[in-house]
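# What the coordinates show
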Amino acid sequence: TGFDASGSSITSGSLTTYEWDFDNNGTYETNSGGNTAENYTFPGAGNYTVGLQITSDRGCKQNTNSTVTVDPNPVAAFTASEVCLGVSTDFDAGGSSIVSGSIVKYEWDFDNDGIFETDLGAVSTASFTFSGAGDHTVGLRVTSDKGCQHTTTGTITIDPNPVASFTPDRVCFGNTTAFDAGSS
C-alpha cells in the first residue's frame, strides 16, 4: 500500500521528517526522513489505523491518523473437462472464491501468452477448442468488486484421436471377405 504525505505543510520553515506508525501502537517505527512517500504491506485484509508524525526544521511536531481498508484478494480456481482433439473443452471457474465481496470478472488466457483475451464478465464458465493434442497451459484471472485480482494456471491435456484403418480382401460377388484392422 502506498502512502503520500505531500499534502502536509507548514507556514514558515520546512518539514524535515515524516514518521509512520503502521501497527497503531503509538510508536512511529518507520522514518522516511524527508521523503513524503512510503510503502507498507499489511499482513492481511482488514481495517488498519495508520499514524503519521511530521517534524519541522525547528523541531515542532504534528501527527494525524487515518484508517486504511485493505480488501481481500479473490482466489482463482478452475476445473476442465478432458477431451479428445477437435472437441470443445469446458472450463468451470465456479470454485473461485473470496472472503467478502464478490467476483465480478473472469478472464481466460487459452494460448499461454500472458494476455487474457477472453473476458466473460461475471460468467464463470467458458469453452475452448484447442488446435493440437497434448498438454496446454491455461490461465484464469479473477477480479473482485473492489478491483483486487488473482491469477492461476493449469495444464489441460487434449487427447489425440485414434486413426482408424482397415484393408479388405478382394472378393467376388457372393463370397465372404475378411477384414484386417491390424494397422490401426
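Placed above this text is the structure.
Residues numbered from 1 in each chain as written. Predicted model: local features only at pLDDT ≥ 70, side-chain atom pairs only at ≥ 80, totals over all residues. Heavy atoms only, no water.

### Here's the deal with the overall build of the protein chain
Summing up its helical and strand segments, the protein chain has zero helices and 16 strands in all. A compact globule built from 184 residues should have a C-alpha radius of gyration of about 16 Å, whereas the protein chain, at 31 Å, is more than 25% larger. With respect to the principal axes defined by its C-alpha atoms, the protein chain has extents near 115 × 25 × 25 Å. Out of the 184 residues in the protein chain, the part that is buried amounts to 28%. Contacts in the protein chain between residues far apart in sequence, at least 24 positions, make up 50% of those at least 6 positions apart. (Helix = DSSP H or I, 4+ residues; strand = E, 2+ residues; numbered from the N terminus. Rg over C-alpha atoms; globule rule 2.2 N^0.38 Å. Buried < 20%, exposed > 50% of the residue type's maximum accessible area, 1.4 Å probe, protein only. Contact = heavy atoms within 4.5 Å.)

### With respect to the sheet that holds strand 6 (residues 61-70)
Spatially, the four strands line up as an open sheet ordered 3-2-5-6, and their pairing is antiparallel. The sheet is open, and its two borders are formed by strand 3 (30-31) and strand 6, each paired with just one other strand. Of the strand pairs in this sheet, strand 2 (residues 15-21) and strand 5 (residues 46-56) are connected by six bridges, and their pairing is antiparallel. Within the sheet, the bridge partner assigned to L15 lies in strand 5 and is S56. (Pairing = 2+ DSSP bridges.)

### Some thoughts on unusual backbone geometry
Despite not being glycine, N24 shows a phi value in the positive range, around 55 degrees. If you trace the backbone, N24 turns up in the loop between strand 2 and strand 3. In this structure, N112 is a non-glycine residue whose phi angle is positive, near 55 degrees. Within the secondary structure, N112 sits in the loop between strand 10 (103-109) and strand 11 (118-119).

### Comments concerning the side chain of S56
The topology assignment puts S56 in strand 5. Not counting the four nearest positions on each side in its chain, S56 is found in contact with I10, S14, L15 and T16.

### Re the pairing of strand 14 (residues 149-159)
In this structure, strand 8 (residues 83-84) lies alongside strand 14, joined through two bridges in parallel fashion. Note that in strand 14 the partner of V83 across the bridge is I158. When strand 13 (residues 134-144) meets strand 14, the two strands line up antiparallel, connected through ten bridges. When the bridges of strand 14 are listed, T137 appears paired with T155. Following strand 13, the chain reverses through four residues before pairing antiparallel with strand 14; G147 in that reversal takes a positive phi of roughly 90 degrees.

### Here we look at the packing of aromatic side chains
For the structure on display, the rule yields 16 aromatic pairs. On the numbers, 5.7 Å between centres and 45 degrees between planes, the contact of F3 with W20 is tilted. Linking F3 in strand 1 (residues 2-4) with W20 in strand 2, this pair joins segments that are 17 residues apart in sequence. Neither F3 nor W20 differs from the other in exposure class; each is buried. Judged by relative accessible area, F3 falls into the buried class, the value being 11%. Linked through ring pairs, F3, W20, F22, Y40, F42 and Y48 together constitute an aromatic cluster. (Phe/Tyr/Trp six-rings, centres within 6.5 Å; stacked < 30°, edge-to-face > 60°.)

### Here we look at the nonpolar core
If you look at the biggest cluster of nonpolar residues, it comprises 16 residues, and the most contacted ones within it are F78, F91, Y106, W108, V138, L140 and I156. Of all the secondary-structure elements, those providing two or more residues to this core are strand 10, strand 13 and strand 14. When residues no more than four places from it in sequence are discounted, the contact partners of V138 are F78, F91, W108, D109, F110, F130, T152, T153, G154 and I156. Counting twelve residues, the second-largest nonpolar core is a separate cluster that includes W20, Y48, I54 and V68. (Core = buried A, V, L, I, M, F, W, Y, C linked by side-chain atoms within 4.5 Å.)

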